[in-house]
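The lines below spell out each chain.
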Amino acid sequence: MLAELSTEISDFLETSKQYIPQMLIVLAGLWVFNYANWLTGSKLNKFGIRPRRLKGLIGIPLAPFLHGNFNHLLFNSMPFFFLGLFIMSLNLQLFYFST
């Protein structure tokens, strides 16, 4: 049983290595977006979710790109990187559909 688990883990690591560049590009995009938001004085935050406003619905697809600060983005980037690699190794289309 332990040998099977070890084999599955090594297979996963080999499979996920090919997706590291794509994952880094997605993360770089998030960081560039956050940097642009910071340069504009957080003016892009107006595109976040605004409750009780029809215009606030535009924020639903844009909210994952908006972060409160760089610390927030940093601590979201780490689990996103590893969980994203996991989903990419299962099915690349599933990653882009769910992300």
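Residues numbered from 1 in each chain as written. Predicted model: local features only at pLDDT ≥ 70, side-chain atom pairs only at ≥ 80, totals over all residues. Heavy atoms only, no water.

Participant: Explain the pattern of salt bridges to me, using residue names and the numbers behind them.
Facilitator: Applying the stated criterion to the full structure yields one salt bridge. Measuring nitrogen to oxygen at the nearest pair gives 3.4 Å for the salt bridge that ties Lys-17 to Glu-14. In this pair, Lys-17 and Glu-14 both sit in helix α1 (residues 2–17), three residues apart, roughly one turn of the helix. Classification of Glu-14 by relative accessible area gives exposed; the value is 52%. (Salt bridge = Lys/Arg side-chain N within 4 Å of Asp/Glu carboxyl O. Helix = DSSP H or I, 4+ residues; strand = E, 2+ residues; numbered from the N terminus. Buried < 20%, exposed > 50% of the residue type's maximum accessible area, 1.4 Å probe, protein only.)

Participant: I'd like a description of the side chain of Ser-16, backed by residues and values.
Facilitator: By the element assignment, Ser-16 lies in helix α1. Judged by its relative accessible area of 5%, Ser-16 falls in the buried class. Of the polar contacts made by the side chain of Ser-16, one reaches the backbone oxygen of Leu-13; its length is 3.2 Å. Those residues in contact with Ser-16 that sit more than four places away from it in its chain are Leu-85 and Ser-89. (Polar contact = N/O pair within 3.5 Å; in protein donor to acceptor, adjacent residues only side chain to side chain. Contact = heavy atoms within 4.5 Å.)

Participant: I'd love a proper account of a positive patch on the surface, names of residues and values included.
Facilitator: On the surface, Lys-43, Lys-46, Arg-50, Arg-53 and Lys-55 cluster together into a positively charged patch. Along the chain, the position of Arg-50 falls in the loop between α2 (20–39) and α3 (59–62). Residue Arg-50 is classed as partly exposed on the basis of its relative accessible area of 35%. (Patch = residues over 30% accessible without salt bridge, like charges linked within 9 Å, V, L, I, M, F, W, Y side chains within 5 Å. Areas by Shrake-Rupley, 256 points an atom, 1.4 Å probe, with all protein chains shown as cover. Lys, Arg positive; Asp, Glu negative; His and termini not counted. Charge placed at Lys NZ, Arg CZ, Asp CG, Glu CD.)

Participant: Before we move on, can you summarise the packing of α2 against helix α4 (residues 70–90) with the specific residues and values?
Facilitator: Running from amino to carboxyl end, α2 crosses α4 at an angle of 160°, the nearest separation of the two axes being 10 Å. One element, α2, and the other, α4, form an angle in the roughly antiparallel class. Every pair of crossing elements has a handedness; the one defined by α2 and α4 is right-handed. Along its contact with α2, which presents Ile-20, Gln-22, Met-23, Leu-24, Val-26, Leu-27, Leu-30, Trp-31, Asn-34, Tyr-35 and Trp-38, the element α4 presents Phe-70, Leu-73, Leu-74, Ser-77, Phe-80, Phe-81, Gly-84, Leu-85 and Met-88. Its residues assigned to classes, the contact of α2 with α4 comprises 16 nonpolar, four polar and no charged. (Axes fitted to C-alpha atoms, helices over the stretch in contact; angles between N-to-C directions. Parallel < 35°, antiparallel > 145°, perpendicular 65-115°, else oblique. Left-handed = near helix turned anticlockwise from the far one by under 90°. Nonpolar A, V, L, I, M, F, W, Y, C, P; charged D, E, K, R; others polar.)

Participant: So what's going on with unusual backbone geometry? Residues and values would help.
Facilitator: Even without being a glycine, Ser-42 presents a positive backbone phi close to 60°. Within the fold, Ser-42 resides in the loop between α2 and α3. The exposure class of Ser-42 is partly exposed, given its relative accessible area of 36%. The phi dihedral of Arg-52 is positive, around 65°, even though this residue is not glycine. Within the secondary structure layout, Arg-52 lies in the loop between α2 and α3. Judged by its relative accessible area of 87%, Arg-52 is exposed.

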